[in-house]
Amino acid sequence: MSTTPASPNLIPPFRALGIVGTGAMGRGIAQIAAQAGLTVYLHDLREGAVAEAQAFIGGMWSRSVEKQRLSEADAERYRASLKEAVSLADLAGCDIVVEAIVEKLEAKQSLFTELEEILDEQAVLATNTSSLSVTAIASACRRPERVIGFHFFNPVPLMKIVEVIPGLRTDSEVAERVEALGQAMGHFTARTTDTPGFLVNHAGRAFGTEALRILGESVTDHVTIDRILVDQGGFRMGPFALLDLTGLDVSHAVMESIYHQYYEEPRFRPSPLTRQRLTAGLLGRKSGEGFYRYVDGKPQVPEEPPLPTSEPLAVWIGAEDDDARRQLTDLVRSAGWPLESSAAPSAEALFLLAPLGEDATGCALRLGLPAERCVAVDLLAGLGKRRSLMTTPATRNEIRDAAMALLGHDGTPVSVINDSNGFVLQRVVACIVNVGSEIAQQGVAEPQTIDRAVELGLGYPLGPLAMGDHYGSRRILTILDNLLAATGDPRYRASPWLRRRARLGLPLTAA
């Protein structure tokens, strides 16, 4: 989607913007609106709240002046554009009002019906809701066609994305004007349909929920999952560190809300683990303990244990993919271990497997290999910053230790997990790609908008569709199909968007 603002000759620009609610979101919106040249009127029911907001925003501009990112003249001009609206009636001259109040449908509906009696007929009513239906909010208004979702992310000045969400009855010109406003504020505008979670929160359902499922299956611990997804997957933060940062009081509520709004769609199924921890008050950083324990605000992360030593064993590679075989062959040769090249392995060899969406046990049995000498290696992201090793329940300890020594011979960290269909990275990435594909299939947003919005809003290394193209859509489809066949869980059913393009060899990013 283009981020070039529409011509002001075609779409009249907004001049005066009102904000109801001066908490973190309201303040952030006020700051970037003033910087975009609008006069901003702030209203809050709590006495003194507007003055606090003005002082806070002014302080942000003062710091920018000190760092020479802003001139004093501009800072003064911005401060002068922030005005207090003592009552809602003082917003009468605004041509758009953004509400950033409590996330309750009745409260937002009541506010908008009251504003309708005050504002001009052409004024726009925008809601910053993150989880409520824009159509439902607008249904209480006499003129629902002027109501729209305008959802920013915290902190607003730094998160350069805003979702523009027309309700079912929103006028197309209103959507165009609000989109142009978001662009004038310096943000990428993601036009999305009025669906639960809109775009970014919808796309973010797979990262945490699949990690929680992996933890719930005792595949490995939360620290190892975080390390794998950061080092192998390139994510800025692991899912459990992110849950702790956000707080389970927020995260679990969003997980349950979107799950129920989609009528218990299995792809979004929450975990009982977060409900239990929420009940125990283990909210994350804000409570001093979540999945991690915090001392002076810093998570206490155990050091990785040293890798075992082992005399070199003969290695036989059971990878069925040419690229996987090449990667493992190069690894064995670089370590100087003997490599068996015969069709059938010797009885003393270490067997390296490279399954996709399959567990080590199933792969060993399918290939007719003794499970006690088999280990599986995740090659989805290659063998770069971290290597994931999976054992079968029958794998002998000395075989596991030898495999760990081999994979870590050059100092690269090695994570060992229990048998699981799809390892850690494969499962999480496949679910992210699948949810993104289904968003595209439903027409929630255009493919390029989906990817850019997720990169900006969630900080993923790639958007979900680009991620699928990066790792290979056919490999992602294989992972999902194998997960579905092994578990019978419909959460792993592949989106038609993914299946069709993978089979045709088309990019997922193609509309």
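Draft legend 1. Fine view of the overall build of the protein. Looking only at helices and strands, one finds 20 helices and 16 strands in the protein. Principal-axis analysis of the C-alpha atoms gives the protein an extent of 85 × 50 × 45 Å. Every one of the 511 residues in the protein was classed for burial, and the buried ones make up 54%. A separation of at least 24 residues holds for 69% of the contacts in the protein among residues at least 6 apart in sequence. Accessible surface, the protein as shown: approximately 21500 Å² in total, 51% of it carbon and sulfur. The average position of the 50 basic charges and that of the 62 acidic charges among the side chains of the protein differ by 1 Å.

Draft legend 2. Seen up close, the pattern of salt bridges. Counted under the stated rule, the structure contains 33 salt bridges. Across the pair arginine 269 and aspartate 489 runs a salt bridge whose closest N-O atoms are separated by 3.0 Å. Linking arginine 269 in the loop between α11 (248-261) and α12 (272-279) with aspartate 489 in the loop between α19 (473-487) and α20 (496-504), this pair joins segments that are 220 residues apart in sequence. Three or more residues are tied together by salt bridges with common partners; here these are Glu210, Arg213, Glu217, Arg269, Arg427, Asp489 and Arg491.

Draft legend 3. Structural detail: the pairing of strand β7 (residues 161-166). With 6 of 6 residues buried, β7 lies mostly within the body of the structure. In β7, alternate side chains face the same way, and those of Ile161, Glu163 and Ile165 on one face and Val162, Val164 and Pro166 on the other are all buried. Where strand β6 (residues 147-152) meets β7, 5 bridges bridge the pair, whose relative direction is antiparallel. Each residue of the ladder has a partner; that of phenylalanine 152, found in β7, is valine 162. As paired strands, β7 and strand β8 (residues 188-191) are joined by 4 bridges and run parallel to one another.

Draft legend 4. Representation of the packing of aromatic side chains. Within this structure, the stated rule accounts for 8 aromatic pairs. Taking 5.6 Å as the distance between ring centres and 55 degrees as the angle between the ring planes, the aromatic pair formed by phenylalanine 207 and tyrosine 460 counts as tilted. In this pair, phenylalanine 207 sits in helix α8 (residues 205-216) while tyrosine 460 sits in the loop between α17 (447-458) and α18 (464-471), placing the two residues 253 residues apart along the sequence. A relative accessible area of 7% means that tyrosine 460 is categorised as buried. Members of the aromatic cluster, connected to one another through ring pairs, are Phe207, Phe235 and Tyr460.

Draft legend 5. Geometry of the packing of α19 against α20. Axis separation between α19 and α20 bottoms out at 8 Å; the angle between their running directions is 130 degrees. One finds that α19 runs oblique with respect to α20. When the axes of α19 and α20 are compared, the crossing they make is left-handed. Mapping the contact onto sequence places Ser473, Arg474, Ile476, Leu477, Leu480 and Asp481 in α19 and Leu498, Arg499, Arg501, Ala502, Arg503 and Leu504 in α20.

Draft legend 6. Structural view of the side chain of glutamine 327. Within the secondary structure, glutamine 327 sits in helix α13 (residues 322-335). A relative accessible area of 13% places glutamine 327 in the buried class. Every residue in contact with glutamine 327, bar those within four places of it in the chain, is listed here: Leu379, Gly382 and Leu383.

Draft legend 7. Main features of the sheet that holds strand β2 (residues 39-43). Here 8 strands make up an open sheet; going across it, the order is β3-β2-β1-β4-β5-β6-β7-β8 and the pairing mixed. Two strands bound the open sheet, and with one partner strand each, they are β3 (82-84) and β8. Strand-to-strand twist across the sheet, computed as the mean angle between neighbouring axes with direction ignored, equals 25 degrees.

Draft legend 8. Summary view of the confidence of the model for the protein. Taken as a whole, the protein shows an average pLDDT of 96; of its residues, 98% reach a score of 70 or greater. Throughout residues 1-9 the model reports pLDDT below 50, and contacts reaching past four residues in sequence, or to other chains, amount to 15 contacts.

Rules and cut-offs
Residues numbered from 1 in each chain as written. Predicted model: local features only at pLDDT ≥ 70, side-chain atom pairs only at ≥ 80, totals over all residues. Heavy atoms only, no water. Helix = DSSP H or I, 4+ residues; strand = E, 2+ residues; numbered from the N terminus. Buried < 20%, exposed > 50% of the residue type's maximum accessible area, 1.4 Å probe, protein only. Contact = heavy atoms within 4.5 Å. Areas by Shrake-Rupley, 256 points an atom, 1.4 Å probe, with all protein chains shown as cover. Lys, Arg positive; Asp, Glu negative; His and termini not counted. Charge placed at Lys NZ, Arg CZ, Asp CG, Glu CD. Salt bridge = Lys/Arg side-chain N within 4 Å of Asp/Glu carboxyl O. Pairing = 2+ DSSP bridges. Phe/Tyr/Trp six-rings, centres within 6.5 Å; stacked < 30°, edge-to-face > 60°. Axes fitted to C-alpha atoms, helices over the stretch in contact; angles between N-to-C directions. Parallel < 35°, antiparallel > 145°, perpendicular 65-115°, else oblique. Left-handed = near helix turned anticlockwise from the far one by under 90°. pLDDT = per-residue confidence, 0-100.

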